[in-house]
Amino acid sequence: MSKQEELRLQTDVLVIGGGPAGAWAAISAAQEGASVILVDKGYCGTSGATAPSGNGVWYVKPDPEEREKAMQSREGMGGFLADREWMKRVLDQTYDNVNRLALWGYPFPVDEFGSSYRKSLQGPEYMKLMRKQVKKHGVRILDHHPALELLADSHGVAGARGINRSTSKPWRIEAAAVIIATGGCAFLSKALGTNVLTGDGYLMAAEAGADLSGMEFSTAYSLAPAFSSITKSAFYSFATFYYEDGTVIEGAGSQRGRSVIARTLLTQPVYARLDKADELLQRAMRLAQPNFFLAFDRLGINPFTDRFPVTLRYEGTVRGTGGIRIMNEHCATKVPGLFAAGDAATRELICGGFTGGGSHNAAWAMSSGWFAGRGAARHARTLGALGSRRNARALSESTGIPARAFDQPGLPDTSEIIRAVQDEVFPLDRNWFRRESTLRSSLNQLHRLWHQLKNGLQARDGNVVRVREAAAMTATARWMYVSGLARTETRGMHRRDDFPAQDPAQHYRLLTGGLDQIWAAPDPTSFKQFANLKEESVQ
Amino acid sequence: MIELISPTRCIRCNQCVSVCPTGVFEAAPDGPPVIARHEDCQTCFMCELYCPADALYVAPQAEEHAIVDEDRLAEEGLLGSYRKNVGWGRGRKSTAAKDEMHIVFRYMNH
């Protein structure tokens, strides 16, 4: 592979990832006057969790009362770890960007009061429009060009290298600043649109020395028909849940009652029927989320009258809130030249420890993308003409984490490592319900897998990108569980069976990082921030 | 997962090869693209949306192979049904303009 001719490019700003965060970042950097290249592992326009889904947006009119209500709504559920200044900034930017979408021609519907309704975006339409706008802003898009690792020198991050999936040709892009917008990590669970989201950006950032934050808030599972990929928990607020024999499961629900469903699923199947939806609502649901009904229609199931089996499909940090730690209002990481946006970055700043699923993540993607794009462009400007010509080195050379496949019998295959990691993170009795003993046993296994993969992996299916994905998922699971072990309380979505209460003494955000040795420690800035806040007792 | 590329409908534009986020399809020199990595399909239905010829069918089963019959799918109006539902394609209007999520939210906040 290394013998093949390499594609070499230079740019001010390189954006890795072409979901909403990457697309907004590219546009914002271009508007600041930077030259921009966007690489996507798949296709900018269809990649990621947003494109195939219906997306609520945290779009709130700049009315002081409405804004106050919006900020309060998740503060308690999030374990009081969010930051009001960030919420204000994100609400402002989201409002601007959604209105920009309207100017660009997104066909917002008109609500019953005759006004343009802007709290919902249809993924396919939204991302098709974003691709068009990214191109219009002069950004060069490279589809099917997964990044494998970052380049860096003593001044910080200086680009990335990767591979062209269709030709297997390597690429190397030197850049004055890099934005990681690779999404969260759902461990190839097939939750809708998430199989490109394997934590690659976390690994790349950690190799460069960035910290992560809130990785214990990674317990997101979404309701879905057992046979299907269509994860849309919100619609199950109109469902009743049943045992196999047709009796109602008491206490089961799509929100707080999801733990009852999880507990039931440990021993037996769970069925749902959307029997609380009247005709008007049924129609509205169909128009709001056409793909939700696709699965049912094609199998001849009427979800409003028939009971169908449901499961909880793991969504990891995609609808959790943990991710790369953000240091300032430009979404800069700790590493010079490296920025993070969207689900790749921690969303604790606006949702604390409770799921960013739905409207918050969508708002965060467009705002943090915008901030990171601007920050990266300015960083490039301060570096000047030589910023993207630095002869930097690929980081896996020093970390020793494989960035290519080894054709050596005896080495494990990527598929074996991935399955073994999934066995530690998918089971509800390990990840939804956490306790010290299971976290420790999972960590033992995950650390063992880490040392194994560091000796090299085979990619028997010919997919060399899986080597980095396997490493990224193993690392992500370790950051999750080391953080989960360190937080000896229940807060936000992090549930400890052995510590079921929220502990006022742990009212801080938790940082984690490291590659061979994983550490977790309270974020000292969050200590200071929350010190004069009296913790209210929750629920 | 993706179960059908209709050889009679396919116009060989290779859009599906381009847009599939997980690289399931592969272009073929003299024929329609092939499903080269079936197990990598994440059942996101995006290929169907972008297929201008309604030549693709993604079965809703995310984990298991589904046996499909093209004539029957066509008869039942399932080829291209998703594209029709979202209003993509010549002479259609995007149904995003008819999104009634505001009504769903109103019910949820009851």
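Residues numbered from 1 in each chain as written. Chains lettered and ligands numbered in written order. Predicted model: local features only at pLDDT ≥ 70, side-chain atom pairs only at ≥ 80, totals over all residues. Heavy atoms only, no water.

Focus on the sheet that holds strand 18 (residues 519-522) of chain A
All names here are of chain A.
Okay, so step 1: With respect to topology, four strands assemble into an open sheet ordered 14-9-17-18, the strand pairing being antiparallel. Across the chains shown, the open sheet's two edge strands, defined by having one partner strand only, are strand 14 (323-324) and strand 18.
Okay, so step 2: By the bridge criterion, four bridges tie strand 17 (residues 510-513) to strand 18 in an arrangement that is antiparallel. Across the sheet, G513 pairs through a bridge with W519, a residue of strand 18.
Okay, so step 3: Sheet strands touched by helix 15 (residues 465-486): strand 9 (212-213), strand 17 and strand 18. Its angle to strand 17, the strand with the most contacts, is close to 145 degrees. (Pairing = 2+ DSSP bridges. Helix = DSSP H or I, 4+ residues; strand = E, 2+ residues; numbered from the N terminus. Contact = heavy atoms within 4.5 Å. Axes fitted to C-alpha atoms, helices over the stretch in contact; angles between N-to-C directions.)

Considering the sheet that holds strand 13 (residues 308-316) of chain A
Residues and elements named next belong to chain A.
Okay, so step 1: Across the sheet, which stays open at both edges, the four strands sit in the order 10-13-12-11 with antiparallel pairing between neighbours. Every interior strand has two partners, whereas the edge strands, strand 10 (220-225) and strand 11 (240-242), have only one. Averaged over all neighbouring strand pairs, the angle between strand axes comes to 45 degrees, with direction disregarded.
Okay, so step 2: Sheet topology note: the strand 12 (residues 270-273)/strand 13 ladder contains three bridges and is antiparallel. Looking at strand 13, one finds that A272 is bridged to F308.

Description of the packing of helix 12 (residues 414-425) of chain A against helix 15 of chain A
Think of two packed helices as two axes; the pair is described by the angle between the axes and how far apart they sit.
Residues and elements named next belong to chain A.
Okay, so step 1: Relative to each other, helix 12 and helix 15 sit at 20 degrees, their axes nearing to 9 Å. Relative to helix 15, the element helix 12 lies roughly parallel. Where helix 12 crosses over helix 15, the handedness of that crossing is left-handed. Between helix 12 and helix 15, the contacting residues are T414, I417, I418, V421, E424 and V425 on the first element and R466, V467, A470, M473, T474, A477, M480 and Y481 on the second.
Okay, so step 2: Taken together, the residues of the contact of helix 12 with helix 15 sort by class into 10 nonpolar, two polar and two charged. (Parallel < 35°, antiparallel > 145°, perpendicular 65-115°, else oblique. Left-handed = near helix turned anticlockwise from the far one by under 90°. Nonpolar A, V, L, I, M, F, W, Y, C, P; charged D, E, K, R; others polar.)

Quick notes on the nonpolar core
Okay, so step 1: In this structure, L101(A), L150(A), Y236(A), F241(A) and M285(A) are the most contacted members of the largest nonpolar core, which totals 189 residues.
Okay, so step 2: The element that contributes the greatest number of residues to this core is helix 15 of chain A, accounting for 12 residues. (Core = buried A, V, L, I, M, F, W, Y, C linked by side-chain atoms within 4.5 Å. Buried < 20%, exposed > 50% of the residue type's maximum accessible area, 1.4 Å probe, protein only.)

A few points about the interface of chain B and chain A
Okay, so step 1: With 44 residues of chain B in contact, the opposing surface of chain A contributes 55 residues.
Okay, so step 2: The junction of chain B with chain A conceals about 4200 Å² of combined surface from both sides, 60% of it contributed by carbon and sulfur atoms.
Okay, so step 3: For the chain B face of the interface with chain A, the top three residues by lost area are Q42(B), H102(B) and Y107(B), together amounting to 15%.
Okay, so step 4: Across the chain B-chain A interface, the total number found is five salt bridges.
Okay, so step 5: R298(A) serves as the salt-bridge partner of E48(B), at 2.7 Å between the closest nitrogen and oxygen.
Okay, so step 6: Linking chain B with chain A are 22 residue pairs in polar contact (both at pLDDT 80 or more), by the criterion used here.
Okay, so step 7: Secondary-structure elements contributing two or more residues to the side of chain B that touches chain A are helix 1 (15-19), helix 2 (46-50), strand 4 (56-58), helix 4 (81-86) and helix 5 (101-108) of chain B.
Okay, so step 8: Ranked by the residues each element gives to the side of chain B that touches chain A, the list is headed by helix 5 of chain B, at eight residues. (Buried area = accessible area lost by both parts, 1.4 Å probe. Salt bridge = Lys/Arg side-chain N within 4 Å of Asp/Glu carboxyl O. Polar contact = N/O pair within 3.5 Å; in protein donor to acceptor, adjacent residues only side chain to side chain.)

Observations concerning the side chain of T476(A)
Okay, so step 1: Here T476(A) shows up in helix 15.
Okay, so step 2: Every residue in contact with T476(A), bar those within four places of it in the chain, is listed here: C185(A), F187(A), G199(A), Y202(A) and M215(A).

A look at the pattern of salt bridges
Okay, so step 1: For the structure shown, the criterion picks out 41 salt bridges over all chains.
Okay, so step 2: The partner of E75(A) in a salt bridge is R84(A), with the nearest N and O atoms 3.0 Å apart.
Okay, so step 3: Classification of R84(A) by relative accessible area gives partly exposed; the value is 26%.
Okay, so step 4: Salt-bridge contacts for E315(A) lead to R319(A); the nearest nitrogen and oxygen are separated by 2.6 Å.
Okay, so step 5: Taking the relative accessible area as the measure of exposure, E315(A) reaches 2% and is therefore buried.
Okay, so step 6: Put simply, K41(A), D200(A), R466(A), E469(A) and D40(B) are held in one network by salt bridges that share partners.

A closer look at helix 14 (residues 436-454) of chain A
Note that an α-helix has 3.6 residues per turn; residues three or four places apart therefore point the same way.
All names here are of chain A.
Okay, so step 1: A rise of 1.5 Å per residue sets the reference length of helix 14, with its 19 residues, at 27 Å; its end C-alpha atoms lie 27 Å apart and thus fit the reference within 8%.
Okay, so step 2: For helix 14, the full list of buried residues reads T438, L439, S442, L443, L446, L449, W450 and L453. Along helix 14, the residues classed as buried sweep out an arc of 130 degrees about the axis, all on the same side.
Okay, so step 3: Where helix 14 is buried, its residues touch helix 5 (200-208), helix 12, helix 13 (428-431) and helix 15. (Expected span 1.5 Å × (residues − 1). Arc of directions from axis to C-beta.)

Overview of the packing of aromatic side chains
All names here are of chain A.
Okay, so step 1: Inspection of the entire model under this criterion finds 22 aromatic pairs over all chains.
Okay, so step 2: Summarising the aromatic geometry, the rings of Y59 and Y95 are spaced 5.0 Å apart at their centres and angled 25 degrees between planes, so their arrangement reads as stacked. On the criterion of sequence distance, the pair formed by Y59 in the loop between strand 3 (54-56) and helix 2 (64-72) and Y95 in helix 3 (residues 84-104) is long-range, its members being 36 residues apart.
Okay, so step 3: Overall, Y59 belongs to the buried group, its relative accessible area being 7%.
Okay, so step 4: With centroids separated by 5.0 Å and ring planes inclined at 70 degrees, the aromatic side chains of F235 and F292 adopt a geometry described as edge-to-face. Of this pair, F235 sits in the loop between strand 10 and strand 11 while F292 is found in helix 8 (residues 290-299), placing the two residues 57 residues apart along the sequence.
Okay, so step 5: Take F235: its relative accessible area is 0%, and that puts it in the buried class. (Phe/Tyr/Trp six-rings, centres within 6.5 Å; stacked < 30°, edge-to-face > 60°.)

As for the confidence of the model for chain B
Okay, so step 1: The predicted model of chain B has a mean per-residue pLDDT of 95, with 100% of residues at 70 or higher.
Okay, so step 2: Reported confidences for the modelled complex are a pTM of 0.96 and an ipTM of 0.97. (pLDDT = per-residue confidence, 0-100.)

Structural notes on the packing of helix 2 of chain A against helix 3 of chain A
Residue and element names in this part refer to chain A.
Okay, so step 1: Look at helix 2 against helix 3: their axes get within 11 Å of each other, and the N-to-C directions meet at 120 degrees. Relative to helix 3, helix 2 is oriented oblique. Here the hand of the crossing between helix 2 and helix 3 comes out right-handed. Residues R67, E68, M71 and Q72 of helix 2 lie in contact with helix 3, whose contacting residues are R84, M87, K88, L91, D92 and Y95.
Okay, so step 2: Tallied by class, residues from the contact of helix 2 with helix 3 come to four nonpolar, one polar and five charged.

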